[in-house]
Amino acid sequence: MTLKCQPKASHFIDGEYIEDTDGKIIECIYPATGEKIAELHSATPKIVEMALKSAKLAQRSWSKLSGTDRGRILRKASDIIRERNRELSILETYDTGKPLQETLYVDATSGADALEYFGGLAGSITGEHIPLGDDWAYTKRIPIGLCVGIGAWNYPTQIACWKGAPALACGNSMVFKPSEMTPLCALKVAEILLEAGAPKGIFNVIQGYGDVGAALVSDNRVGKVSLTGSAETGKKVYASAASGMKHVTMELGGKSPLIIFDDADVENAIGGAMLANMYSTGQVCSNGTRVFVQSGIKEVFLKRFAERVAKIKIGDPMDEKTQFGPMVSEKQRSIVMDYIQKGKAEGAKLICGGNIIDGDGWFIEPTVFSEVTDEMTIAKEEIFGPVMSVFEFEDEHEVITRANNTDLGLAGGVFTKDIQRAHRVVDELEAGTCFINSYNDAPVEVPFGGVKDSGVGRENSKAAIEHFSQLKTVYVRMGNVDSPY
Ligand code: NDP
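My aim in this report is to walk through the structure given alongside it, one point at a time. What you are looking at is a predicted structure, and each value in this text was computed from that prediction instead of being measured.

Parameters at a glance
- Residues numbered from 1 in each chain as written.
- Predicted model: local features only at pLDDT ≥ 70, side-chain atom pairs only at ≥ 80, totals over all residues.
- Heavy atoms only, no water.
- Buried < 20%, exposed > 50% of the residue type's maximum accessible area, 1.4 Å probe, protein only.
- Helix = DSSP H or I, 4+ residues; strand = E, 2+ residues; numbered from the N terminus.
- Pairing = 2+ DSSP bridges.
- Right-handed = clockwise from strand over helix to strand, strands pointing away.
- Axes fitted to C-alpha atoms, helices over the stretch in contact; angles between N-to-C directions.
- Contact = heavy atoms within 4.5 Å.
- Phe/Tyr/Trp six-rings, centres within 6.5 Å; stacked < 30°, edge-to-face > 60°.
- Lys NZ or Arg CZ within 6 Å of the ring centre and 35° of its normal.
- Near = heavy atom within 4 Å.
- Polar contact = N/O pair within 3.5 Å; in protein donor to acceptor, adjacent residues only side chain to side chain.
- Areas by Shrake-Rupley, 256 points an atom, 1.4 Å probe, with all protein chains shown as cover.
- Nonpolar A, V, L, I, M, F, W, Y, C, P; charged D, E, K, R; others polar.

1. Points about the pairing of strand β7 (residues 146-150)
- The buried fraction of β7 is high, at five of five residues.
- Alternating residues of β7 divide into Leu 146, Val 148 and Ile 150 and Cys 147 and Gly 149, and every residue in both groups is buried.
- Two strands pair when backbone bridges link them, and β7 and strand β8 (residues 173-177) are joined in this way by five bridges, in the parallel orientation. In the sheet register, Val 148 faces β8, and the bridge partner there is Val 175.
- Handedness of the β7-helix α6 (residues 156-169)-β8 crossover: right-handed.

2. As for the sheet that holds strand β12 (residues 257-260)
- Spatially, β14-β15-β16-β13-β12-β18-β19 is the arrangement adopted by the seven strands of the open sheet, whose pairing is mixed. Of all the strands in the sheet, the pair left with one neighbour each is β14 (349-352) and β19 (433-436). Sheet twist, expressed as the average angle between the axes of neighbouring strands with direction ignored, equals 20°.
- Of the strands in this sheet, β12, β13 (290-294) and β16 (387-393) touch helix α14 (residues 396-403), which is tilted by about 145° from β16.
- Lying over the sheet, helix α15 (residues 419-428) contacts β12, β18 (411-415) and β19, oriented at roughly 165° with respect to β19.

3. Some points on the sheet that holds strand β6 (residues 135-143)
- Within the open sheet, the three strands sit side by side as β5-β6-β21. Their pairing is antiparallel. Of all the strands in the sheet, just β5 (129-132) and β21 (469-476) have a single pairing partner and so form its edges. Each strand of the sheet is rotated relative to its neighbour by a mean of 20°, with strand direction disregarded.
- Examined bridge by bridge, β5 and β6 share four bridges and lie antiparallel to one another. Bridge pairing links Pro 131 to Trp 136 in β6.

4. Concerning the packing of aromatic side chains
- Under the definition given, this model contains 11 aromatic pairs.
- For Lys 24, the ring lying beneath its charged end belongs to Tyr 209, and the centroid distance is 4.5 Å.

5. Quick notes on the site of the ligand
- In the vicinity of the ligand lie 28 residues, with Glu 180, Thr 233, Leu 252, Cys 285 and Glu 382 positioned nearest.
- With respect to the ligand, the backbone of Ala 214 contributes an N or O atom lying 3.4 Å from a nitrogen atom.
- Between the ligand and Glu 382 there is a distance of 2.5 Å, counted from an oxygen atom to a side-chain nitrogen or oxygen.
- The fraction of the free accessible surface of the ligand (890 Å²) that becomes covered by protein chains is 86%.
- Those elements that place two or more of their residues in the shell around the ligand are α8 (210-218), β10 (222-228) and α9 (231-243).
- Looking at the shell around the ligand, the element that brings in the most residues is α8, giving three residues.
- Its residues assigned to classes, the shell around the ligand comprises 13 nonpolar, 11 polar and four charged.

What follows is the structure, encoded as structure tokens:
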């Protein structure tokens, strides 16, 4: 039987597709229909070793190229991605179930943005000169070496590029392990980098479950680990990396607040809350899932929100008119349904949605709860699905205290026309990434990441260069050594 999206083999190592059928089977299912579209194998210890060995070796000569030469290759890869955007977007839709209407604009294209941006920066990664009287010192920004990237399933192309592009720009190599739920897209990124002129082995992709990720993280040739995943996995990976004194970037989960004051433009605030809860069927780490609405506009907000939700076009993700696709997997859908049941059982009021949509795929209705209190399970735990909780508040001080009452701190947003209040509120929010009168924008030029249990380090922007390189200091004495001995 031919499978629609079957790659040549499961892994891409040293410029070639490699298979080892001894590895556990990974079935790739199209979430919109339940159809099997590819079958891959998890990496065996032999594959893990091949990937690490080849990336370690490739890194030496890659780091000797000038930044401009490295950057040119990344920018070429970016151009190829843009040329093939439609084909890559269709694959992303098969891998994740996200509607083509989204994937055409935010997946391969944001991967291309990262390759273009870091390709442009690669020639400007420099240290500084520090005058010390007659003596002086200088610093060099040098690569860390072999890096490991581990991805979540919601943005497989973007995550591979957000990690790969800055790593490679700084002269590192990378072994990337996608989530076993979405194994296909990162293979294309590896293929395209090779086609753009990247040396073999500089970006290897291997498949696998958590055990493969754990094997990569604990290997002593690895100098840096960048993970996108849940806070729970992040803590395990961070601990393992720490025992080998490795650098880390942890992009983890969130339970972010979106605060809407009663002077806000209601339609804009609803648009922001939609983007913060329904985009990618709610499977976005930075989502503003705790929506605090000031009492004066709560009724109109809920009424208009429900009216706009009713117009969301749900269905075949390959139809470009479709705005809302299935959950990534049956398991993820059942996790989300459990949360919906808990919301109902604990007394939240269901405004709309709450049901599975009949059919072959893993569809669920866009769901909104109001009358949510801070103690309810749906108020405290990351759901990672299209479930928005609306809380009522009276004043600024109260809402800030409640918004910060969580161990997570990925993002936060505020809608208000009062510019001073907007800045005052984001100043107080315990979150790494904030939005004023907007939500979930993530251009490559700005740092992205969380505080508290939502992670350490930042992706994108110039900040990512610091996280994928390290400083070497050189002290230069110009005169004699003044030694007391
Ligand atoms: P998981 O934490 O379950 O998995 C993340 C990745 O880590 C997967 O590739 C997983 O492999 C791997 N993994 C699991 N255990 C280990 C281990 N012990 N050592 C090394 N690697 C391991 O997250 P999900 O894939 O379920 O993604 C959803 C989560 O990701 C949500 O919490 C979400 O908020 C977060 N996320 C954060 C983002 C951010 O930028 N802050 C962006 C997107 C998502 P396997 O899948 O095989 O278990």
